[in-house]
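# Working through the structure, step by step
Residue-level listing of the chains:
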Amino acid sequence: MRVDFDPEALDRTSFYKLLTSVVVPRPIAWVSTIDPVTFSANLAPHSFFNVACVSPPIVQFSSVGRKDSLRNIEETGEFVVSLAPEHLFEQVNATGTDFPHGVSEFDEVGIAREPSSRVKPPRVAASPVALECVLHSTVRLGDSTVVFGRVVHAAVSEAVMTDGHPDIRRLRPLSRLGKDEWGTLGEVLEISRIRYADWPGHRAQ
């Protein structure tokens, strides 16, 4: 037995809550931008985030509504995605507050920043990973805008590296779940993908 939900019969908020409760866990893009008028640094978490392309390296996130992050990126063409780590849980959540336009979340929340290498928006100093991006394109979908950013520089803390590769157990990324729920790393499962040549019962030609 299943419960059926018709998006045409539900209001926007109700179906949004359903989607964000079942499309889980969602990685968080902690996006920093620069206001082109006040030059203040904006910082906001966006949980509709993923990799869009490998070559060239492009990441994407969706701005639900016309938020400061989106407006700043459209005006300046630059942004930084910092990884949202578990130890900064409260700070990540606080940067989602609807501060007035032009107010810096870095300053209000008390988050230290550091200069980026290739773009003007700063990185989150305490975040172990920063992806510096230039705007590739945007796509408007209803009440949301998908932002595609080409990664021009990646900076990873040596403290989270193992054998030259970022270690998930050291990164300790946060994720968003439904309602006011957040996810932490938990148990890590490892398994290799099976090649068809090794599939049981397959006979090589």
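Residues numbered from 1 in each chain as written. Predicted model: local features only at pLDDT ≥ 70, side-chain atom pairs only at ≥ 80, totals over all residues. Heavy atoms only, no water.

## With respect to the pattern of salt bridges
Inspection of the entire model under this criterion finds 10 salt bridges. Residues Glu74 and Arg66 are paired through a salt bridge, measuring 2.8 Å at the closest nitrogen-oxygen approach. Taking relative accessible area as the criterion, Glu74 reaches 35% and is therefore assigned partly exposed. (Salt bridge = Lys/Arg side-chain N within 4 Å of Asp/Glu carboxyl O. Buried < 20%, exposed > 50% of the residue type's maximum accessible area, 1.4 Å probe, protein only.)

## Quick word on the sheet that holds strand S14 (residues 182–183)
Reading across from one edge, S1-S13-S14 is the order of the three strands in this open sheet, with antiparallel pairing throughout. Strands at the two margins of the open sheet, each flanked by one partner only, are strand S1 (26–27) and S14. Across two bridges, strand S13 (residues 175–176) lies against S14 in antiparallel orientation. Counterpart to Arg176 in the pairing with S14 is Trp182. (Pairing = 2+ DSSP bridges. Helix = DSSP H or I, 4+ residues; strand = E, 2+ residues; numbered from the N terminus.)

## Focus: the pairing of strand S3 (residues 41–46)
Of all six residues in S3, five are buried; the element is thus mostly enclosed. Linking strand S2 (residues 29–34) to S3, which pair antiparallel, is a turn of six residues; within it Phe39 sits at a positive phi near 65°.

## Regarding the nonpolar core
Ranked by size, the top nonpolar core spans 17 residues in total, and within it Val31, Phe61, Phe79, Val81 and Leu131 carry the most contacts. Among the secondary structure elements, those contributing two or more residues to this core are S2, strand S5 (58–64), helix H2 (68–76), strand S6 (78–83), strand S9 (129–141) and strand S10 (144–156). If sequence neighbours within four positions are ignored, Val81 has contacts with Ala29, Trp30, Val31, Phe49, Val129, Ala130 and Leu131. Ile28, Ile34, Ala41 and Ile111 belong to the second-largest nonpolar core, a separate cluster that totals 12 residues. (Core = buried A, V, L, I, M, F, W, Y, C linked by side-chain atoms within 4.5 Å. Contact = heavy atoms within 4.5 Å.)

## A closer look at H2
Within H2, the full set of buried residues consists of Asp68, Ser69, Leu70, Asn72 and Ile73. The inward-facing, buried residues of H2 abut S2, S3, S5, S6, S9 and S10. Looking one or two residues beyond H2, the residue adopting positive phi is Gly77, at roughly 75°.

## What to know about unusual backbone geometry
With an omega of -10°, the peptide bond between Val24 and Pro25 qualifies as cis. Within the element layout of this structure, Pro25 appears in the loop between helix H1 (12–22) and S1. With an omega dihedral of 5°, the bond running from Ser55 to Pro56 counts as a cis peptide bond. Within the secondary structure layout, Pro56 lies in the loop between strand S4 (49–53) and S5. Although it is not a glycine, Phe39 adopts a positive phi angle of roughly 65°. Along the chain, Phe39 turns up in the loop between S2 and S3. By relative accessible area, Phe39 is classed as exposed at 63%. Phi is positive for Lys179, which is not a glycine, with a value near 45°.

## Points about the state of the cysteines
Across all of its chains, the model carries zero disulfides by this definition. Distance from the sulfur of Cys53, which forms no disulfide, to the nearest cysteine sulfur (Cys133) is 13 Å. Note on Cys53: relative accessible area 28%, which makes it partly exposed. (Disulfide = S-S within 2.5 Å.)

## Things to note about the side chain of Arg176
Within the secondary structure layout, Arg176 lies in strand S13. Buried within the structure, Arg176 lacks any salt-bridge partner; its nearest side chain of opposite charge belongs to Asp180, at an N-O separation of 5.1 Å. Polar contacts involving the side chain of Arg176 include one to the main-chain carbonyl oxygen of Glu181, which spans 2.5 Å. In contact with Arg176, other than residues within four places in its own chain, are Val24, Pro25, Arg26, Ile28, Ser47, Glu181 and Trp182. (Lys, Arg positive; Asp, Glu negative; His and termini not counted. Polar contact = N/O pair within 3.5 Å; in protein donor to acceptor, adjacent residues only side chain to side chain.)

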